[in-house]
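Chain residues, written in single-letter form:
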Amino acid sequence: MREVDVMGVRVEMPSNQPIVLLREVTGERYLPIWIGAVEATAIAFAQQGVIPPRPLTHDLMKDVLEATGNALSEVRITDVKDGVFFALLVFESGAEVSARPSDSIALALRTGTRILCAEEVLDEAGLAVPAEQEDEVEAFREFLDHVTPEDFEAPTDSDQ
């Protein structure tokens, strides 16, 4: 397992599909995972420190974990099959719960839990970015600094 950092979320064009971008802490591979708009918003909220007036689902889960004393010890992205990623929530009690990576990442960001990715997943779906392409990565980081959770909201009838 390799530790990864969450670089951020963005909308992939022209499909208008959100992705979360992860990066190896000690390596040069990036892992893009296509996610839903709701999860993209949850991840963006957590990264920007946005606290909603009432708890959203991932905030509620964090509160339940704190109230029950069963802390999340790590999130593992364990597999990818036919473009679908799989993850596990690993608790201090030793319990493991299967989850979507997007929900797992949103919860990890709220709890300060590290995120690990199986070497096989990075080998299959990761993208190596050589140092000479870091300018493109820096442009992506700048984009992330300016994106807001509202950018991931589904269009209403009046928007179409």
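Quick summary incoming for the structure in this document. What you see is a predicted model, and the numbers here were worked out from it, not measured in a lab.

What about the overall build of the chain?
- A tally of helices and strands in the chain yields 5 helices and 8 strands.
- In sequence order, the chain lays out its α and β elements as β-β-β-α-α-β-β-β-α-β-α-β-α.
- In the chain, which comprises 160 residues, the proportion classed as buried is 39%.
- Here the analysis covers contacts within the chain between residues at least 6 apart in sequence; of these, 55% occur between residues at least 24 apart.
- Summed over its atoms, the accessible surface of the chain is roughly 9,100 Å², and 51% of this surface lies on carbon and sulfur atoms.

A short note on unusual backbone geometry
- Its identity is not glycine, yet D82 carries a phi of approximately 50°, on the positive side.
- Checked against the element boundaries, D82 lands in the loop between β4 (72-81) and β5 (84-91).

Here's the deal with the nonpolar core
- In this structure, V20, L22 and L31 are the most contacted members of the largest nonpolar core, which totals 30 residues.
- Look past the residues within four positions of L22 in its chain and what remains in contact with it is V4, D5, V6, M7, R29, Y30, L31, I33, I77 and I105.

Points about the packing of aromatic side chains
- Counted by the stated rule, this structure contains 0 aromatic pairs.
- Residue placement shows K81 over the ring face of F86; its charged tip is 5.9 Å from the ring centre.

A short note on the pattern of salt bridges
- Tallying each qualifying case throughout the model produces 13 salt bridges.
- A salt bridge links E119 to R29, with the shortest nitrogen-to-oxygen separation between them at 2.6 Å. You can see E119 sitting in helix α4 (residues 119-125) and its partner R29 sitting in strand β3 (residues 29-34), a full 90 residues away along the chain.
- Classification of E119 by relative accessible area gives partly exposed; the value is 27%.

What about the sheet that holds β3?
- Read across the open sheet, the 8 strands follow the order β6-β5-β4-β7-β1-β2-β3-β8; overall the sheet is mixed. Of all the strands in the sheet, the pair left with one neighbour each is β6 (96-99) and β8 (127-128).
- Of the pairings in the sheet, the one linking strand β2 (residues 17-24) to β3 comprises 5 bridges and is antiparallel in character. Pairing of L21 across the sheet is with P32, part of β3.
- Against the sheet, helix α3 (residues 101-111) makes contact with β1 (2-12), β2, β3, β4, β5, β6 and β7 (115-117), and its axis sits at roughly 40° relative to β5, the strand it touches most.

Some thoughts on the packing of helix α2 (residues 57-68) against α3
- Interhelical geometry of α2 versus α3 gives an angle of 55° and a closest axis separation of 9 Å. Overall, the two elements α2 and α3 adopt an arrangement that is oblique. For the pair α2 and α3, the crossing hand works out as right-handed. Between α2 and α3, the residues in contact are H58, D59, M61, K62 and L65 and D103, A106, L107, R110 and T111, respectively.
- Looking at side-chain class alone, the contact of α2 with α3 contains 4 nonpolar, 2 polar and 4 charged residues.

About the thresholds
Within any chain, residue numbers begin from 1 and follow the written order of that chain's sequence. The predicted nature of this model means local features are confined to residues of pLDDT at least 70 and side-chain atom pairs, given and counted, to a pLDDT of 80 or more, with totals for whole chains, interfaces and linings taken over all residues. Excluded from the side-chain calculations are hydrogens and water; all other atoms, namely the structure's heavy atoms, are used. Helix and strand definitions here come from DSSP, where helices need a minimum of 4 consecutive H or I residues and strands a minimum of 2 consecutive E residues; each element is numbered from the N-terminal end. The buried label applies to any residue whose accessible area, calculated with a 1.4 Å probe on protein chains only, is under 20% of its type's maximum; exposed applies above 50%, and partly exposed to all values in between. We call two residues in contact when some of their heavy atoms are within 4.5 Å. Every accessible area reported is derived by Shrake-Rupley at a probe size of 1.4 Å, with residue values counting cover from the shown protein chains alone. By nonpolar core is meant a set of buried Ala, Val, Leu, Ile, Met, Phe, Trp, Tyr and Cys residues that side-chain atoms within 4.5 Å join together. Two rings from Phe, Tyr or Trp (for Trp, the six-membered ring) form a pair when their centres sit within 6.5 Å of each other. Planes less than 30 degrees apart are called stacked, planes more than 60 degrees apart edge-to-face, and all others tilted. A positively charged side chain is recorded as over a ring if its NZ (Lys) or CZ (Arg) lies within 6 Å of the ring centre. The angle to the ring normal must also be within 35 degrees. For salt bridges, the criterion is a side-chain nitrogen of Lys or Arg within 4 Å of an Asp or Glu carboxyl oxygen. Between any two strands, pairing holds if DSSP finds at least two bridges. Only the stretch in contact is used when a helix axis is fitted, and all axes are lines through C-alpha atoms; the angle between N-to-C directions ranges over 0 to 180 degrees. These descriptions rest on fixed angle ranges, namely under 35 degrees for roughly parallel, over 145 for roughly antiparallel, 65 to 115 for roughly perpendicular, and the rest for oblique. Crossings are assigned a handedness: left-handed for a near helix turned anticlockwise from the far helix by less than a right angle, right-handed for a clockwise turn. When residues are grouped by polarity, Ala, Val, Leu, Ile, Met, Phe, Trp, Tyr, Cys and Pro land in nonpolar, Asp, Glu, Lys and Arg in charged, and all others, Gly among them, in polar.

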